[in-house]
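Results of the structural survey
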Amino acid sequence: IRHDGHNVISIELEGGRAGKKEEAPVEYLFSSMPLPSMVMALDPAPPDEVLQAARNLRFRDFLVVNLILDKEHVFPDQWIYVHSPIVKLGRVQNYKNWSPAMVVDLKKTSLGLEYFCNKGDNLWMMDDVDLIGFAVDELEKIGIAMHKHLLSAHVVRCEDAYPLYSMGYEKHVKIIRSYLEKFSNFQTIGRAGLFR
């Protein structure tokens, strides 16, 4: 993110056309990048105090095991949080209960099983096939579905999904925000970009 100290001038994109780097001028920039990553992408770099504040912010990662089940109804809600100590599952999204447009076949059910984890931990590193089997085992344990219902599945890993509110995080965010306020054409947005 190139700037002149008061305005963002351009952004450098990587992996675009033919995998090449290209620079794009901007009039106004909205960034949903994780706040620390965004700070590290600024060119020229911010003062050391701002860089250190960014290094002190941490995120939690999560992964979603998406399943298509040969089962018309599993529960009436859009999502449920799972509080059972017998599973690692944190939340289950029921996509067609958000909107019927989110599924191809209303006679089937598409679920997103969410696991809160950290990049590099055992859950994160588990092979997709094993992770899908693990997730369906957990659905059986809590009585939602069984292996015989599984039609298709895939895994999505999401880095930097949730800000970690560690001791003193507010001070670090304030340092970064104070620095960013001097830019007239730049705004951070979203959970990761706002660190909330």
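These remarks concern the structure in this document. (Residues numbered from 1 in each chain as written. Predicted model: local features only at pLDDT ≥ 70, side-chain atom pairs only at ≥ 80, totals over all residues. Heavy atoms only, no water.)

Details of the packing of aromatic side chains
In total, this model carries 12 aromatic pairs according to the counting rule given. Aromatic ring contacts, followed pair by pair, group Phe59, Tyr165, Tyr169 and Phe195 into a single cluster. (Phe/Tyr/Trp six-rings, centres within 6.5 Å; stacked < 30°, edge-to-face > 60°.)

Here we look at the sheet that holds strand E9 (residues 150-163)
Where strands meet in a sheet, backbone hydrogen bonds hold them as pairs that are either parallel or antiparallel. Strands sit in the order E6-E7-E8-E5-E9 across an open sheet of 5 strands; the sheet is antiparallel. Only two strands of the sheet have a single partner each, and these edge strands are strand E6 (79-81) and E9. Taking the axes of each pair of neighbouring strands and ignoring which way they run, one obtains an average angle of 20 degrees across the sheet. Of the pairings in the sheet, the one linking strand E5 (residues 59-69) to E9 comprises 10 bridges and is antiparallel in character. Bridge assignment links Phe62 to a residue of E9, and that residue is Cys158. Against the sheet, helix H5 (residues 128-141) makes contact with E5, strand E8 (109-117) and E9, and its axis sits at roughly 95 degrees relative to E9, the strand it touches most. (Pairing = 2+ DSSP bridges. Helix = DSSP H or I, 4+ residues; strand = E, 2+ residues; numbered from the N terminus. Axes fitted to C-alpha atoms, helices over the stretch in contact; angles between N-to-C directions. Contact = heavy atoms within 4.5 Å.)

Considerations on the packing of helix H2 (residues 48-55) against helix H6 (residues 169-180)
Running from N to C, H2 and H6 cross one another at 135 degrees; their axes reach a closest spacing of 8 Å. Here H2 is positioned oblique relative to H6, judged by the angle of their axes. Relative to H6, the crossing made by H2 is left-handed. Contacts between H2 and H6 pair Glu49, Val50, Ala53 and Ala54 from the former with His172, Ile175, Ile176 and Tyr179 from the latter. (Parallel < 35°, antiparallel > 145°, perpendicular 65-115°, else oblique. Left-handed = near helix turned anticlockwise from the far one by under 90°.)

Some words on the sheet that holds strand E1 (residues 2-3)
Overall, antiparallel pairing links the 3 strands, which are arranged E1-E2-E3 in an open sheet. Each edge of the open sheet carries a strand with a single partner, namely E1 and strand E3 (22-25). Bridge analysis of E1 against strand E2 (residues 8-13) gives 2 bridges, and the strand direction is antiparallel. Looking at E2, one finds that Arg2 is bridged to Ser10.

Brief notes about the side chain of His3
Structurally, His3 is set in strand E1. For His3, the side chain forms a polar contact with the main-chain oxygen of Pro44, separated by 2.7 Å. If sequence neighbours within four positions are ignored, His3 has contacts with Val8, Ile9, Leu42, Asp43, Pro44, Tyr179 and Phe183. (Polar contact = N/O pair within 3.5 Å; in protein donor to acceptor, adjacent residues only side chain to side chain.)

A few points about H2
One turn of an α-helix holds 3.6 residues; hence residues three or four places apart share an orientation. For H2, the set of buried residues is Val50, Leu51, Ala53 and Ala54. The arc that holds every buried residue of H2, seen down its axis, measures 160 degrees, which confines them to one face. Across H2 from its buried face, at more than 90 degrees, point the exposed residues Asp48 and Glu49. Buried residues along H2 sit in contact with helix H1 (35-41) and H6. (Buried < 20%, exposed > 50% of the residue type's maximum accessible area, 1.4 Å probe, protein only. Arc of directions from axis to C-beta.)

Details of the side chain of Gln93
Its place among the elements puts Gln93 in strand E7 (residues 91-94). You can call Gln93 buried: its relative accessible area is 11%. A polar contact of 2.8 Å, which involves the side chain of Gln93, links it to the side chain of Trp98. Leave out the neighbours within four places in its chain, and Gln93 touches Gln78, Trp79, Trp98, Ser110, Leu111, Gly112 and Glu114.

Some thoughts on the pattern of salt bridges
A complete count under the given rule lists 10 salt bridges for this structure. Note that Arg2 and Asp43 form a salt bridge whose closest N and O atoms lie 3.3 Å from each other. Highlighted residues: Arg2 in strand E1 and Asp43 in the loop between H1 and H2, separated in sequence by 41 residues. According to the relative accessible area criterion, Arg2 is partly exposed, its value standing at 24%. Residue Asp43 is classed as partly exposed on the basis of its relative accessible area, which comes to 38%. A salt bridge links Lys21 to Glu12, with the shortest nitrogen-to-oxygen separation between them at 3.9 Å. Given a relative accessible area of 54%, Lys21 falls into the exposed group. One salt-bridge network, held together by shared partners, links Arg2, Glu12, Lys21, Glu23 and Asp43. (Salt bridge = Lys/Arg side-chain N within 4 Å of Asp/Glu carboxyl O.)

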